[in-house]
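Architecture at a glance
Read off the chains here:
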Amino acid sequence: MKKEDSNTNSLDQLNQIRDMMEQSSKFISLSGLSGVMAGLTALAGAFYGHFLIRSQQESLHDGLQLNYDGVRETILTKLFIAAALTLIIAIGFGAFFTIRKAKAKGQALFGSTSKRLAINMLIPLISGGVFCLVLIYHGLIGLVAPATLIFYGLALVNASKYTLNDIRNLGILEIMLGLIASLYIGYGTLFWAIGFGMLHIVYGIVMYFKYDKA
């Protein structure tokens, strides 16, 4: 009986050591609620973008707009502003819930692990952002939506080794969705709504009940 107790204690100690090593090497304070809020914000932004594009198409179809280039530049400017605001709001929600969870878990928010996470995520994101600007410069606007999804997915996969493994799965789904979107040019706002909206909401709910409620 004593031998069984000793084996049980040894297993418990090994599990504790493994948990400590995982916490020290991975940033585990990402909140599921931040994913949900980011998804809802992205859905609102996608619907607004769809409304802008639809209004331009209806205006041109009715012959009410003669200066096509001027309208096109105006729409692109509004879409860029909407996308920037959507990103800022989503990051704001993510930061709020992540900071709150990190404080509750007693994990350092700006430790070496979180810095490595940020760096590995920013490299594909910045590269993708520059690439999308190049696409816009050459007038290849239809490829912007697929490119954003693909580079965002690559960023998640690249950063997943410093956080929860679920992030890797989300990244793979985003990449797959971006590749599919590249076959259906003209449906960018729809794929944005699915990728940045619905996938984030589903991911956030799963993460909340899997980790936040634990």
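Report on the accompanying structure. (Residues numbered from 1 in each chain as written. Predicted model: local features only at pLDDT ≥ 70, side-chain atom pairs only at ≥ 80, totals over all residues. Heavy atoms only, no water.)

On to the pattern of salt bridges. In the structure shown here, the tally under the stated rule is one salt bridge. Here K210 ties to D166 by a salt bridge, and the two come within 3.1 Å at their closest N and O atoms. With a gap of 44 residues between them, K210 in helix α7 (residues 188–212) and D166 in helix α6 (residues 166–181) connect regions that are remote in the sequence. You can call K210 partly exposed: its relative accessible area is 44%. (Salt bridge = Lys/Arg side-chain N within 4 Å of Asp/Glu carboxyl O. Helix = DSSP H or I, 4+ residues; strand = E, 2+ residues; numbered from the N terminus. Buried < 20%, exposed > 50% of the residue type's maximum accessible area, 1.4 Å probe, protein only.)

This part covers the nonpolar core. Counting 14 residues, the largest nonpolar core has L149, L156, L170, L177, F191, F196 and Y203 as the members making the most contacts within it. For this core, the elements supplying multiple residues, two or more each, are α5 (144–159), α6 and α7. A total of five residues in this core trace back to one element, the largest contributor, which is α7. Setting aside residues up to four positions removed in sequence, F191 forms contacts with L149, L177, I180, A181, Y184 and F196. (Core = buried A, V, L, I, M, F, W, Y, C linked by side-chain atoms within 4.5 Å. Contact = heavy atoms within 4.5 Å.)

Here the focus is a nonpolar patch on the surface. Residues F80, I81, L85, I88, I89, L133 and I136 make up a contiguous nonpolar surface patch of about 700 Å² in total accessible area. When contributions to the nonpolar patch are tallied by element, the ones reaching two or more residues are α3 (68–105) and α4 (112–137). The biggest single contributor to the nonpolar patch is α3, with five residues. Its location among the elements puts I89 in helix α3. Overall, I89 belongs to the partly exposed group, its relative accessible area being 42%. (Patch = residues over 30% accessible without salt bridge, like charges linked within 9 Å, V, L, I, M, F, W, Y side chains within 5 Å. Areas by Shrake-Rupley, 256 points an atom, 1.4 Å probe, with all protein chains shown as cover.)

Our next topic: the packing of aromatic side chains. Aromatic ring pairs: the centre-centre distance and the angle between the two ring planes describe each pair. The tally for this structure, following the rule as stated, stands at four aromatic pairs. Each ring, one from F131 and one from F151, has its centre 5.7 Å from the other, and the planes form 45°; the classification is tilted. Here F151 lies in helix α5 and F131 lies in helix α4, a separation of 20 residues in the sequence. Looking at F151, the relative accessible area reads 22%, which means it is partly exposed. Seen from their ring centres, Y208 and F209 are 5.3 Å apart, and the 85° between their planes marks the pair as edge-to-face. Judged by its relative accessible area of 24%, Y208 is partly exposed. (Phe/Tyr/Trp six-rings, centres within 6.5 Å; stacked < 30°, edge-to-face > 60°.)

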